[in-house]
Amino acid sequence: GSGLCLSPPIPACRPPGRPRCPLLHLKERADFQYSQRELDNIEVFVTKSSRGNRVGCMYVRCVPGARYTVLFSHGNAVDLGQMSSFYIGLGTRINCNIFSYDYSGYGVSTGRPSERNLYSDIDAAWQALRTRYGISPENIILYGQSIGTVPTVDLASRYECAAIVLHSPLTSGMRVAFPDTKKTYWFDAFPNIEKISKITSPVLIIHGTEDEVIDFSHGLALFERCPKAVEPLWVDGAGHNDIELYSQYLERLRKFISQELASQRN
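So, here's what we can say about the structure. (Residues numbered from 1 in each chain as written. Predicted model: local features only at pLDDT ≥ 70, side-chain atom pairs only at ≥ 80, totals over all residues. Heavy atoms only, no water.)

A word on the pairing of strand β9 (residues 203-208)
Residues in a regular strand project their side chains so that they alternate between the two faces of the sheet.
Turning to step 1, where the next piece is worked out: Across the six residues of β9, six count as buried, placing the element largely inside the fold.
Turning to step 2, where the next piece is worked out: Because side chains alternate across β9, one face comprises the buried residues V203, I205 and H207, and the other comprises L204, I206 and G208, equally buried.
Turning to step 3, where the next piece is worked out: With four bridges connecting them, strand β8 (residues 163-167) and β9 associate as parallel partners. When the bridges of β9 are listed, L166 appears paired with I205.
Turning to step 4, where the next piece is worked out: Taken together, the three bridges between β9 and strand β10 (residues 233-235) define a ladder with parallel strand orientation. Note that in β10 the partner of G208 across the bridge is V235.
Turning to step 5, where the next piece is worked out: Handedness of the crossover joining β9 and β10 through helix α7 (residues 216-225) is recorded here as right-handed. (Buried < 20%, exposed > 50% of the residue type's maximum accessible area, 1.4 Å probe, protein only. Helix = DSSP H or I, 4+ residues; strand = E, 2+ residues; numbered from the N terminus. Pairing = 2+ DSSP bridges. Right-handed = clockwise from strand over helix to strand, strands pointing away.)

Okay, structure coming up:
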């Protein structure tokens, strides 16, 4: 429903030496009209997960020669088509390229949404980013928003990378549904709170103080349990879906990427 879709591979769209790629098609009802230059800088393709699902991927080349590529795991009720204009704007402003994917059952990705599929989906995206574009882990920033923090934390607990950004994260599924939950049960889904201490890369946590979907207490709890956390961004008055409208959002991301990460590498 996003006005953006993948077409079957067409030989004519293949640059020399590159595998055949699907073309990006804009439907008339697309919310956002792209310039030809923007379309030329977006590559879409389908990869396969270890669980046999086709996973739709999108690489947005925002900044030629950018040091970092952001592997972005988006929120719940959106897909790549709805997020692509945001990716173009974000990557341009934080001086990074953006790579994203749709979870099983979202957009053109096959299968159905499930916790196990989330983890295999991000694994497939990570492998595609590494092999197709030759990007090494020290140049990858994992970015998860809302439900996207679940695959992000899982991957970050298993692989080292440049950094992690957790935007409106949840501690676990049970704690969202039942806020008085104090421990993690074996049947609890999305146990970020148990995995975050295993992350070895710098972690920036961003949360709105008036979040009506995932309470601000989740961001605080994850910050307290994360040994690699940097100074967080608590956005006073922000809810679940409007943090990016606050000026401190881009300011904090820019400082984290251009100053804090650079000083760690030197």
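Examining the environment of V235
Turning to step 1, where the next piece is worked out: You can see V235 is positioned in strand β10.
Turning to step 2, where the next piece is worked out: Residue class for V235 comes out buried when judged on its relative accessible area of 0%.
Turning to step 3, where the next piece is worked out: Here the alpha-carbon distance between V235 and G208, two residues 27 residues apart in the chain, equals 4.6 Å.
Turning to step 4, where the next piece is worked out: Excluding anything up to four places from it in sequence, V235 contacts I206, H207, G208, T209, I243, Y246 and Q248. (Contact = heavy atoms within 4.5 Å.)

Digging into the packing of helix α3 (residues 115-133) against helix α4 (residues 149-156)
Turning to step 1, where the next piece is worked out: The interhelical angle for the contact between α3 and α4, taken along N-to-C directions, is 65°, at an axis separation of 9 Å. Relative to α4, the crossing made by α3 is right-handed. Contact residues: α3 offers L118, Y119, I122, D123 and W126, while α4 offers V150, P151, T152, D154 and L155.
Turning to step 2, where the next piece is worked out: Class assignment for the residues of the contact of α3 with α4 results in seven nonpolar, one polar and two charged. (Axes fitted to C-alpha atoms, helices over the stretch in contact; angles between N-to-C directions. Left-handed = near helix turned anticlockwise from the far one by under 90°. Nonpolar A, V, L, I, M, F, W, Y, C, P; charged D, E, K, R; others polar.)

Quick word on α4
Turning to step 1, where the next piece is worked out: Within α4, eight of the eight residues are buried, which leaves the element mostly enclosed by the surrounding structure.
Turning to step 2, where the next piece is worked out: Turning to α4, its buried residues are T149, V150, P151, T152, V153, D154, L155 and A156.
Turning to step 3, where the next piece is worked out: Of the surrounding secondary structure, the elements contacted by the buried residues of α4 are β5 (69-73), β6 (97-101), α3, β7 (140-145), β8 and α6 (192-195).

Details of the pattern of salt bridges
Turning to step 1, where the next piece is worked out: In the structure shown here, the tally under the stated rule is six salt bridges.
Turning to step 2, where the next piece is worked out: A salt bridge links D154 to R158, with the shortest nitrogen-to-oxygen separation between them at 2.9 Å.
Turning to step 3, where the next piece is worked out: Looking at D154, the relative accessible area reads 9%, which means it is buried.
Turning to step 4, where the next piece is worked out: The class for R158 is partly exposed, based on a relative accessible area of 40%. (Salt bridge = Lys/Arg side-chain N within 4 Å of Asp/Glu carboxyl O.)

Notes on the nonpolar core
Turning to step 1, where the next piece is worked out: With 38 residues, the main nonpolar core has L71, F99, Y101, L129, L142 and I164 as its most contacted residues.
Turning to step 2, where the next piece is worked out: Elements with a minimum of two residues in this core: β4 (54-60), β6, α3, β7, α4, β8 and β9.
Turning to step 3, where the next piece is worked out: Apart from residues lying up to four places away in sequence, F99 is in contact with F45, C57, M58, Y59, T69, V70, L71, F72, A125, A128, L129 and Y133.
Turning to step 4, where the next piece is worked out: Core analysis: the next-biggest nonpolar cluster, separate from the first, contains 36 residues, Y68, L80, Y87 and Y249 among them. (Core = buried A, V, L, I, M, F, W, Y, C linked by side-chain atoms within 4.5 Å.)

Describing unusual backbone geometry
Turning to step 1, where the next piece is worked out: One non-glycine residue with positive phi stands out, namely N95, at about 65°.
Turning to step 2, where the next piece is worked out: Along the chain, the position of N95 falls in the loop between α2 (80-94) and β6.
Turning to step 3, where the next piece is worked out: You can call N95 partly exposed: its relative accessible area is 48%.
Turning to step 4, where the next piece is worked out: If you check the backbone angles, S168 has positive phi at about 55° while not being a glycine.
Turning to step 5, where the next piece is worked out: Residue position: S168 is located in the loop between β8 and α5 (173-177).

A word on the packing of aromatic side chains
Turning to step 1, where the next piece is worked out: Enumeration according to the criterion identifies 14 aromatic pairs in this entry.
Turning to step 2, where the next piece is worked out: With centroids separated by 4.4 Å and ring planes inclined at 15°, the aromatic side chains of F72 and Y143 adopt a geometry described as stacked. With a gap of 71 residues between them, F72 in strand β5 and Y143 in strand β7 connect regions that are remote in the sequence. The pair F72 / Y143 is uniform in exposure class, with both members buried. (Phe/Tyr/Trp six-rings, centres within 6.5 Å; stacked < 30°, edge-to-face > 60°.)

Some thoughts on the side chain of S109
Turning to step 1, where the next piece is worked out: Take S109: it is sitting in the loop between β6 and α3.
Turning to step 2, where the next piece is worked out: According to the relative accessible area criterion, S109 is buried, its value standing at 6%.
Turning to step 3, where the next piece is worked out: Within polar-contact distance, the side chain of S109 engages the backbone nitrogen of G56 at 2.9 Å.
Turning to step 4, where the next piece is worked out: Ignoring anything within four residues of it in the chain, the contact list for S109 reads R54, V55, G56, D102, Y103 and S104. (Polar contact = N/O pair within 3.5 Å; in protein donor to acceptor, adjacent residues only side chain to side chain.)

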